[in-house]
Amino acid sequence: MKYTGDLARRMYRYFSEYSEPVGVPSFGKFARSIGITLDELTAFRKKQKFERAWRECIEIRRDYLIDMALTKRFDSSFAKFLLSLELENDSADGELAVSLEVVE
């Protein structure tokens, strides 16, 4: 499949409108839904617009997992495990982002 300008928007909509009764939105599921492999989809991350959408989809997925755990629709321990895996993958490039808020 050749990269098209609307692919980033389609992926963003897939993640933001995900409403399956079981499961979590994923890049693999999106790739299969449009008839390509995850490797092919990942290769499009070279495109700046697609990379921005990819990162936003990661945030959407995190919010989804957290919301489902908080409402007890997902097991909180498993949601925590999935989120920790994502954090490990994010810091695999050697960078670590830390936020600190001082409350007095």
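Conventions used here
Residues numbered from 1 in each chain as written. Predicted model: local features only at pLDDT ≥ 70, side-chain atom pairs only at ≥ 80, totals over all residues. Heavy atoms only, no water. Core = buried A, V, L, I, M, F, W, Y, C linked by side-chain atoms within 4.5 Å. Buried < 20%, exposed > 50% of the residue type's maximum accessible area, 1.4 Å probe, protein only. Helix = DSSP H or I, 4+ residues; strand = E, 2+ residues; numbered from the N terminus. Contact = heavy atoms within 4.5 Å. Salt bridge = Lys/Arg side-chain N within 4 Å of Asp/Glu carboxyl O. Arc of directions from axis to C-beta.

K.L.:
Can you walk me through the nonpolar core in this structure?
P.N.:
Nonpolar side chains in soluble globular proteins tend to end up buried together. If you look at the biggest cluster of nonpolar residues, it comprises 18 residues, and the most contacted ones within it are L7, M11, F27, L41, F44, F50 and W54. Those elements giving two or more residues to this core turn out to be α1 (7-16), α2 (27-33) and α4 (48-70). When residues in this core are grouped by element, the largest group, six residues, is from α4. Sequence-distant contacts of F44, that is, excluding residues within four places in its chain, are made with M1, K2, Y3, L7, I36 and F50.

K.L.:
Is there a simple way to think about the pattern of salt bridges in this case?
P.N.:
A side chain with one charge may pair with a side chain of the opposite charge, provided their charged atoms come close. Summed over all chains, the structure comprises four salt bridges. For R55, the salt bridge identified is with E51, shortest N-O distance 3.2 Å. You can see R55 and its partner E51 sitting in helix α4, four residues apart, about one turn around the helix. One salt bridge connects R62 with E59, and the closest N-O pair in it is separated by 2.9 Å. Separated by three residues within a single helix, R62 and E59 lie in helix α4, roughly one turn from each other. Under the relative-accessibility criterion, R62 is labelled buried at 14%. What emerges from the salt-bridge pattern is a single network uniting R45, E51 and R55.

K.L.:
Please clarify how α1 should be interpreted in this entry.
P.N.:
Because an α-helix completes one turn every 3.6 residues, residues spaced three or four positions apart along the sequence face the same direction. All of the buried residues in α1 are L7, A8, M11 and F15. Each buried residue of α1 sits inside an arc of 105 degrees when the element is viewed along its axis, so together they form one side. In this structure, the buried residues of α1 make contact with α2, α3 (38-43) and α4.

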